[in-house]
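Letter by letter, the chains look like this.
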Amino acid sequence: MQNIKQYVEQNKQRFLDELFDLLRFPSVSADPKYKPDVLETADYVAKKLSDAGADKVEVCQTSGYPIVYGEKIVDATKPTVLVYGHYDVQPPDPLELWKTPPFEPTIRDGKIYARGACDDKGQFYMHVKAFELMMQNGGLPCNIKFMIEGEEEVGSSNLEIFVKENRQRLKADVVLISDTSMISMEHPSLETGLRGLSYLEVEVTGPNRDLHSGVYGGAVANPATILAKMIASLHDENNHIAIPGFYDDVIDLTPEERTALNDAPYDEAEYKTDLGVDELWGEKGYTTFERTGTRPTLEVNGIWGGYIGEGAKTVLPSKASAKISMRLVPNQHSDKIRDLFTVHFEKIAPKSVKVKVTPHHGGEPVVTPTDSVAYKAAQKAITESFGKAPIPTRGGGSIPIVALFEAELGIKTVLMGFGLDSDALHSPNEKYDIYNYYKGIETIPLFHKYFAELSGS
């Protein structure tokens, strides 16, 4: 452990400078105007993998954004770890809410503020630097392959094709991902499951053009009003999702599982203060941990229609739209939920409007085994690095490719994230603690060490 800490200490400023260089690329995969920047980011990642000592580094082209691949095979008889991450980021909007520009990384109070700082540039780059550290301090205890993609934030539509076409190249014993969070640095944790996702867009159309709200108001249905009523009806008085069949496949936790989940440290007052809310909201009968990790949800991610510019314009809009995401739990399937939503939303629409539902992307929920060699290696690594054993938790977010890796490569995943739920992922002022960044670089080599040892190599 001393060599690890010493190497990090000697190179900490360079490690930080390189991450800042990576964060300066506005690699927004959702907006075509950033395409040149996304492509430059892939080239930067490939260079840094090569610099760290990876072989066969390649920027693999897809019909979308490229996947960066690299590997270091030290001994074919040793186990192989496939490291996954993504170099694309969410759009930075709304820009006016950022205290400092999103692509000019800034340190405040020991935290790095930038889009992608935690999700996922700061986290995947820990693996690149941990790899360099191992290469410079006695070599690798096992083989490592890297697959860093550029479309995670838009659904990883080309990753499945790449995985299917490169099964042999990607052959490994486990996938290691740092794109999740811990409870805190005082209470380290390992996520043992992730929710799935069904994401879609709805459009409600009324008259064939925007109308004068004085001339036509009261005589013609307002799509914005209708959409608001339809969305409001998707939850009942107990905040239960009111789509017929939505919960049919949900498997409830056992009393023992609920107790174990809720044993994790939780301060509701601190939780509310951090979010600036006076009261929490959610499905009746469930705790915050259960609502955010083990229960399905339906959220409006954006809603628009009519005039939203400065000043006033008395208009009855022709159309109103919304983007909606549904987080799914084990045994639910994204395609089935998409279809249930579509049928229900079309059914509850009044005849005064027309409704269109457009699916975007989805992914399946996963549960990772806690009795595997890889999970035990992660436990030992965190225990040694933090001085205490990690708490098993369930993640509320979605990483659709975890289910893909299991289906196509036949291997499980370890979710060893070092972010915090308070890191403002997908929001203005996203951050990542410098301490967490360095702590990840220190901990990851221990995972490889123990994975090799427990695998018997």
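Residues numbered from 1 in each chain as written. Predicted model: local features only at pLDDT ≥ 70, side-chain atom pairs only at ≥ 80, totals over all residues. Heavy atoms only, no water.

1. Quick look at the sheet that holds strand β5 (residues 111–113)
If you trace the three strands from one edge of the open sheet to the other, you get β4-β5-β20, paired in antiparallel fashion. Among the strands making up the open sheet, the edge pair consists of β4 (106–108) and β20 (431–433). Neighbour to neighbour, the strand axes of the sheet diverge by 30° on average, direction disregarded. Where β5 lies against β20, three bridges are found, and the strand directions are antiparallel. Following the sheet pairing, Y113 is matched in β20 by K431. Against the sheet, helix α13 (residues 434–454) touches β4, β5 and β20, its axis set at about 60° to β20. (Pairing = 2+ DSSP bridges. Helix = DSSP H or I, 4+ residues; strand = E, 2+ residues; numbered from the N terminus. Axes fitted to C-alpha atoms, helices over the stretch in contact; angles between N-to-C directions. Contact = heavy atoms within 4.5 Å.)

2. Some words on the sheet that holds strand β12 (residues 297–305)
If you walk across this open sheet you meet the four strands as β12-β14-β10-β15, and the pairing is antiparallel. Edge positions in the sheet fall to β12 and β15 (354–363), since each of these pairs with one other strand and no more. On average, each strand axis in the sheet is inclined to that of its neighbour by 15°, with strand direction left out of account. Examined bridge by bridge, strand β10 (residues 196–205) and strand β14 (residues 319–328) share ten bridges and lie antiparallel to one another. Each residue of the ladder has a partner; that of Y199, found in β14, is S325. Along the sheet face, helix α6 (residues 223–232) touches β10, β12, β14 and β15 and points at about 15° away from the line of β14.

3. Some thoughts on the packing of helix α2 (residues 35–52) against helix α3 (residues 121–136)
Helix packing for two helices is described by the angle between their axes and how far apart those axes are. In contact at an axis separation of 9 Å, α2 and α3 are set at 20° when each is read in the N-to-C sense. Of the possible angle classes, the one that applies to α2 and α3 is roughly parallel. Contacts between α2 and α3 involve T41, Y44, V45, K48, L49 and A52 from the former and K121, F124, Y125, V128, F131, E132 and M135 from the latter. Split by residue class, the contact of α2 with α3 holds nine nonpolar, one polar and three charged. (Parallel < 35°, antiparallel > 145°, perpendicular 65-115°, else oblique. Nonpolar A, V, L, I, M, F, W, Y, C, P; charged D, E, K, R; others polar.)

4. What about a nonpolar patch on the surface?
On the surface, Y266, Y271, L275 and V277 cluster together into a nonpolar patch covering about 330 Å² of accessible area. Assignment of secondary structure puts Y266 in the loop between α7 (255–262) and α8 (268–275). (Patch = residues over 30% accessible without salt bridge, like charges linked within 9 Å, V, L, I, M, F, W, Y side chains within 5 Å. Areas by Shrake-Rupley, 256 points an atom, 1.4 Å probe, with all protein chains shown as cover. Salt bridge = Lys/Arg side-chain N within 4 Å of Asp/Glu carboxyl O.)

5. Points about the packing of aromatic side chains
Evaluated as defined, the whole model comprises twelve aromatic pairs. Centroid distance F447 to F451: 5.7 Å. Interplanar angle 5°. Geometry classified as stacked. Taken together, the residues span about one helical turn, with F447 and F451 both in helix α13 at a distance of four residues. Accessibility classification places F447 together with F451 in one group, the buried group. Aromatic rings pair up to connect Y266, Y271 and F289 into one cluster. It is R108 that lies over the ring of Y113; its NZ or CZ is 3.8 Å from the centre. Above the face of the Y69 ring, R169 is positioned so that its terminal group lies 4.8 Å from the ring centre. (Phe/Tyr/Trp six-rings, centres within 6.5 Å; stacked < 30°, edge-to-face > 60°. Buried < 20%, exposed > 50% of the residue type's maximum accessible area, 1.4 Å probe, protein only. Lys NZ or Arg CZ within 6 Å of the ring centre and 35° of its normal.)

6. Let's talk about the packing of helix α11 (residues 373–386) against α13
Taken N-terminus to C-terminus, the directions of α11 and α13 make an angle of 135°; their axes are 8 Å apart at the nearest point. Of the possible angle classes, the one that applies to α11 and α13 is oblique. Relative to α13, the crossing made by α11 is right-handed. Across the interface between the two elements, V373, A374, K376, A377, A378, K380, A381, I382, E384, S385 and F386 from α11 touch K439, T443, L446, F447, Y450, F451 and L454 from α13. The residue inventory of the contact of α11 with α13, partitioned by class, reads twelve nonpolar, two polar and four charged. (Left-handed = near helix turned anticlockwise from the far one by under 90°.)

7. Concerning the side chain of N239
Tracing the sequence through the fold places N239 in the loop between α6 and α7. Here G282 takes part through its backbone oxygen, which lies 2.8 Å from a polar atom of the side chain of N239. Ignoring any residue separated from it by four or fewer positions in sequence, one finds N239 in contact with W281, G282 and E283. (Polar contact = N/O pair within 3.5 Å; in protein donor to acceptor, adjacent residues only side chain to side chain.)

8. Things to note about the environment of V315
The topology assignment puts V315 in strand β13 (residues 315–316). Sequence separation of V315 and L211 is 104 residues, and the distance between their C-alpha atoms is 5.6 Å. In this structure V315 touches D210, L211, S213 and Y307, once residues within four positions along its chain are discounted.

Any functional reading would require information that these geometric values do not contain.
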